[in-house]
Amino acid sequence: MGASIAGLFAARVLSDTFDRVTLVDRDELLETDENRRGVPQGRHAHAILPAGTRGLQQMFPGLLEELEAAGIPVVREPTEMHFAPGGHLLCQEGRYADPTPTYQPTRPQLERQIRARVKKLPGVEIADRCEVAALLSAPDGTRVTGVRTVERGSGAERELAADLVVDATGRGGRATRWLTDLGYQPPTEDKVAVDIKYVSRTLRLAPGALGRRKVVIVGAEPGRPTGATFLQHEQDRWMLTLIGYGGHHPPTDAVGFLEFAKPIVPADVFEALCAAEPLDEPVAHRYPASVRRRYERLERFPDGLLVFGDAICSFNPVYGQGMSVAALQAAALRETLVQGGDRLPHRFFRAASRRIEVAWQMAVSSDLALPQVEGERPLPVRLTNYFFDRLMAAAEHDPALTQEFVKVSSLLSSPLILLNPVTVGRVVLGNLRRTSRPRR
Ligand SMILES: Cc1cc2nc3c(=O)[nH]c(=O)nc-3n(C[C@H](O)[C@H](O)[C@H](O)COP(=O)(O)OP(=O)(O)OC[C@H]3O[C@@H](n4cnc5c(N)ncnc54)[C@H](O)[C@@H]3O)c2cc1C
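Notes on the structure follow. This structure is a prediction, so every number in the text was calculated from the model and none was measured.

Observations regarding the site of the ligand
Link 1 in the chain: Not every one of the 32 residues close to the ligand is listed here, only the nearest: Ser 4, Asp 25, Arg 107, Asp 310 and Met 323.
Link 2 in the chain: Between the ligand and Arg 26, the relevant distance is 3.2 Å, taken from a nitrogen atom to a main-chain nitrogen or oxygen of the residue.
Link 3 in the chain: Between His 46 and the ligand, the recorded distance is 2.8 Å, taken from a side-chain N or O atom to an oxygen atom.
Link 4 in the chain: Notes on the ligand: free accessible area 1,000 Å², of which the protein chains cover 95%.
Link 5 in the chain: Residue assignment for the shell around the ligand shows that the elements contributing at least two residues are helix H1 (5-14), strand S6 (130-137) and helix H8 (322-338).

Written out as structure tokens, the structure reads:
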């Protein structure tokens, strides 16, 4: 259920084990790079972190090479990236230690390219314009046996029998309600109310307007709960996404939108924005809260059903984790299936939860560093945030620390690597030596 990024990843993995995989989506899935209704976030900046890029490499060999050949910008060097999380502009010297670069297709293009590959897999069928209306289940409710779909337009209903149903219908997914209908407890939810608004616009920049930079990311910081992501796509098209927490939401009128960017982005980027040609109107997206559904804690769950992607965990999008965590969940699904079908939901949810944990903790701690975000700040969170702030401060002038930080924030390494004595020593020394430097 759901043929967006997570549904496509799940289908890729399932096709190795099952003879037939049917992807059902309520949207019409066109072979164009237009955004579609079911994925409103596709109109906003979407970066796939290196952990997600690795997943793409493994699941779809050749895809990344084709994207690059088609002119999609690829970020390989620190000089190509202006990355300023938490008020610290990370060092732009040196080389990235991990060879996985960052690819910057637009979100609709990435999805279309992945879909084209999934469609070609043996036994895979995609049924679009088909809404899943209900689960089918065994009379005693212990097993999900398929889904009932309603075709959009004609309203024709169809029952689709299945050995396994995967709910990848996004953060609004209905699995929790359907579980209750079947007599099961819904999962408990961990929630962090971030109250974020995204406003985005596509622009054409003069070639080379930003020199070598292909991406500019300025995160929110305690004194300024606003941020910006500015991504180069193909053919000198750029996507500017402005972000605001709490009452600091960006406006959607063209003049206000530009003014909002001014105190956030570097001066030369602002100049380039003023000279840029707008290619569409600013469009908004509200994101009230990060939500993690704790399926792994449920004692009773029907056989024949899994929940996947944002339907399990939807992260504050400013950290760009969703698609990469979907790729990590795909790896968890592969591992679980290889070990057999016994107690599949239980084993999958536990394996997925381990993959989600690090990303969730990093997103939640970073959000709690902002006073605008409500929530308890126990001592470990305060200590972690203090350490990360000092690490980023030292990383402003230290390429090695920047590398370590980027590996962790890209979900390539556990944050525990940052606690090794060499790294901690560099953080301490870096802060002792720290000289004033323009922030951002
Ligand atoms: C503003 C914003 C910006 C983001 N930026 C990033 C980023 O930079 N990097 C990143 O990695 N992630 C980002 N994300 C997260 C990313 O979009 C998701 O993690 C990713 O799309 C995977 O989600 P999904 O496939 O689980 O669900 P979705 O993408 O939400 O897709 C759900 C699918 O289910 C279909 N569907 C829903 N209900 C039904 C039904 N009843 N029957 C049939 N079909 C149904 C929908 O049509 C849709 O195709 C962002 C999210 C937001 C909101």
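Brief notes about the sheet that holds strand S7 (residues 144-151)
Link 1 in the chain: With respect to topology, three strands assemble into an open sheet ordered S6-S7-S8, the strand pairing being antiparallel. Because the sheet does not close on itself, it has two edges, and the strands there are S6 and strand S8 (157-161). Averaged over all pairs of adjacent strands, the angle between their axes in this sheet comes to 25°, without regard to strand direction.
Link 2 in the chain: Relative to S7, S6 runs antiparallel, the two sharing seven bridges. If you follow Leu 135 over to S7, its bridge partner there is Val 147.

With respect to the packing of aromatic side chains
Link 1 in the chain: In this structure the tally under the stated criterion is eleven aromatic pairs.
Link 2 in the chain: Taking 5.9 Å as the distance between ring centres and 90° as the angle between the ring planes, the aromatic pair formed by Tyr 295 and Phe 301 counts as edge-to-face. The same class applies to Tyr 295 and to Phe 301, which are both buried.
Link 3 in the chain: Relative to Phe 349, the ring of Tyr 295 lies with its centre 5.0 Å away and its plane at 20°, an arrangement referred to as stacked. Of the two residues, Tyr 295 sits in the loop between strand S15 (283-293) and strand S16 (305-307) while Phe 349 sits in helix H9 (residues 344-368), which places them 54 residues apart along the sequence.
Link 4 in the chain: By relative accessible area, Tyr 295 is classed as buried at 3%.
Link 5 in the chain: What makes Phe 349 buried here is its relative accessible area of 3%.
Link 6 in the chain: The ring centre of Tyr 287 lies 4.5 Å from the NZ or CZ of Arg 171, which sits over that ring.

Some thoughts on the side chain of Thr 423
Link 1 in the chain: With respect to the element layout, Thr 423 can be found in helix H12 (residues 421-433).
Link 2 in the chain: Looking at Thr 423, the relative accessible area reads 4%, which means it is buried.
Link 3 in the chain: Discounting chain neighbours no more than four positions away, the residues touching Thr 423 are Leu 391, Leu 401, Glu 404, Ile 417 and Leu 418.

Comments concerning the pairing of strand S10 (residues 189-204)
Link 1 in the chain: Taken together, the ten bridges between S10 and S15 define a ladder with antiparallel strand orientation. By the bridge assignment for S15, Val 192 is matched with Ser 290.
Link 2 in the chain: Bridge analysis of S10 against strand S13 (residues 237-245) gives nine bridges, and the strand direction is antiparallel. Across the sheet, the residue bridging to Thr 202 is Met 239, located in S13.
Link 3 in the chain: With two bridges joining them, S10 and strand S14 (residues 277-278) adopt antiparallel strand pairing. Directly across from Leu 203, in S14, lies its bridge partner Pro 278.

Conventions and cut-offs
Residues numbered from 1 in each chain as written. Predicted model: local features only at pLDDT ≥ 70, side-chain atom pairs only at ≥ 80, totals over all residues. Heavy atoms only, no water. Near = heavy atom within 4 Å. Polar contact = N/O pair within 3.5 Å; in protein donor to acceptor, adjacent residues only side chain to side chain. Areas by Shrake-Rupley, 256 points an atom, 1.4 Å probe, with all protein chains shown as cover. Helix = DSSP H or I, 4+ residues; strand = E, 2+ residues; numbered from the N terminus. Pairing = 2+ DSSP bridges. Axes fitted to C-alpha atoms, helices over the stretch in contact; angles between N-to-C directions. Phe/Tyr/Trp six-rings, centres within 6.5 Å; stacked < 30°, edge-to-face > 60°. Buried < 20%, exposed > 50% of the residue type's maximum accessible area, 1.4 Å probe, protein only. Lys NZ or Arg CZ within 6 Å of the ring centre and 35° of its normal. Contact = heavy atoms within 4.5 Å.

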